[in-house]
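Residue-level structure breakdown
Here's the letter readout for the chains.
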Amino acid sequence: MTDDSSADMNFSGALQRLGESDPNAAAVKAKEELDRLDSVTLNIAVTGEAGAGKSSFINALRDLSDEDENSAPTGLTETTKKATMYTHPTKPNVRLWDLPGIGTPNFKANQYLKDVKFETYDFFIIISSERFKENDVYLAKEIQKKQKRFYFVRNKIDNDICSVANGKINEQQLLCAIREDCYRNLKEVGNPKVFLISSFDLRKYDFENLVGTLESELSDQKGFALVQSVPVYSLAMLEKKKALLEKFIWLAALASSACTLVPNQFISLITDKAILIVYLIGCHYALGLNEKSLKQLSERTNKPVSLLKLAIKSPVSLAVLDRMRISPMAKPVKSLEDLLDSKNLAVNVQNTADAFRNSHTNLTRALNEMIKDMRQVLQVAGLDE
Ligand SMILES: Nc1nc2c(ncn2[C@@H]2O[C@H](COP(=O)(O)OP(=O)(O)OP(=O)(O)O)[C@@H](O)[C@H]2O)c(=O)[nH]1
Ligand SMILES: [Mg+2]
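Residues numbered from 1 in each chain as written. Chains lettered and ligands numbered in written order. Predicted model: local features only at pLDDT ≥ 70, side-chain atom pairs only at ≥ 80, totals over all residues. Heavy atoms only, no water.

The name an unreviewed UniProt entry gives the chain is Immunity-related GTPase family, e4 isoform X2, with Danio rerio as the organism.

As structure tokens, then:
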């Protein structure tokens, strides 16, 4: 099968997926779908005992250090007293809600859920640390009664590992024992999944598994928002993002192919470059190639940010930076608009299928180049195992 025929097949597949036979109507519908994808709101409630690490977990998900001026306050004495919303710095439609700690002697799970407006959230993450607490089970039961989903996260695993570092029991045995203890205590709420994590190091333990589970149980749109927002700290997470960003290329490619009459020409089309550029800028943030994420990566890995930036070489990545008016590391050879199409900005194509094929090829190529750059960045940061 030639490239051409497989591209055609993709085009008809795209029309089929949208349930449209008219290419132009399909392109309009694709634009609507893409807008929905960008604007969907994900509300994640983070709850659990006082001091379990709720605020630290939120900061880790937002890729912020506890010292960052926009981070949630954390510490042994800081107590979150009312539900506070934190938007994700690069994906503001992902909202993380830092709920007050549970654990007072007269704690009433039902009243607590009413007070924090449980209906606002897509799902709850119950964070616990150290020994298992009864309040966590009460809360899980009440969340279930309200027909909301919850995920149980056992945080501060790094502490547990340190405390048994004297060698009596090995790491795997310890992780198994903690998991078993959580399952035993959560039996009465229907054996929910348990994730062991350290908010201080998301690369380790079950964090990736947690993201995978959440993604698979959310709608396509909300799962996309979630995975886009998660910091890139390993090759495996980068691959996950790649798969998801590739998954929606067809939508952006089709949306950019809506028929536009070009003055003085008999029915002709121009590809809507703005749609392609917005998609690529979204990829740039999702992959962590933006300035702030690179700085955060530099802090986490103790590698100078200038060294990480040297790994960014692809003309597309540089052109995106230039386009975003962030001084690029080197002057891009071409503008992003030029790079997006070999035949230049206002490409006239015969039909929507051609426009789709062009955009699809360009987006795929551009995404692959950015992924290649981010692999190099992770290698320089020492996170490529
Ligand atoms: N070792 C370790 N310490 C953690 C971890 N997560 C949080 N901590 C520490 O635990 C303490 C409490 O963390 P917070 O994030 O403030 O806990 P919280 O649940 O928001 O507390 P309240 O708002 O008071 O309910 C802080 O000193 C954190 O640095 C972790 O994964 N590992
Ligand atoms: Mg807190």
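1. A closer look at empty space enclosed by the protein
The tally for this structure, following the rule as stated, stands at 3 cavities of 30 Å³ or more. The computed volume of the largest cavity comes to approximately 170 Å³. In terms of lining residues, the largest cavity is bounded by 22 residues, among which Asp 63, Pro 231, Gly 288, Asn 290 and Ser 293 are the most central. Mapped onto the lining of the largest cavity, the elements with two or more residues apiece are helix H9 (220–229), helix H12 (273–286) and helix H13 (291–301). When its residues are assigned to classes, the lining of the largest cavity shows 10 nonpolar, 7 polar and 5 charged. Split by domain, the residues of the lining of the largest cavity number at least three in each of domain 1 (3–38 + 234–381) and domain 2 (41–218). Roughly 60 Å³ of internal volume is contained in the second largest cavity. Only helix H3 (54–61) and helix H8 (207–217) provide two or more residues apiece to the lining of the second largest cavity. The element that contributes the greatest number of residues to the lining of the second largest cavity is H8, accounting for 4 residues. (1 Å grid on protein atoms, 1.4 Å probe; cavity = no way out; pocket = protein on both sides within 12 Å on 5 of 7 lines; lining within 4 Å. Points joined across faces, edges and corners; volume = space filled by probe spheres on them. Helix = DSSP H or I, 4+ residues; strand = E, 2+ residues; numbered from the N terminus. Nonpolar A, V, L, I, M, F, W, Y, C, P; charged D, E, K, R; others polar. Domains from an automatic or database assignment.)

2. Some words on the packing of H8 against H9
Packed helices, taken two at a time, are described by the angle their axes make and the gap between the axes. At a closest axis distance of 7 Å, the pairing of H8 and H9 adopts a crossing angle of 160°. By the angle between their axes, H8 is roughly antiparallel relative to H9. From H8, Val 211, Leu 214 and Glu 215 reach across to H9, where they touch Gly 223, Leu 226 and Val 227. The residue makeup of the contact of H8 with H9, split by class, is 4 nonpolar, 1 polar and 1 charged. (Axes fitted to C-alpha atoms, helices over the stretch in contact; angles between N-to-C directions. Parallel < 35°, antiparallel > 145°, perpendicular 65-115°, else oblique. Contact = heavy atoms within 4.5 Å.)

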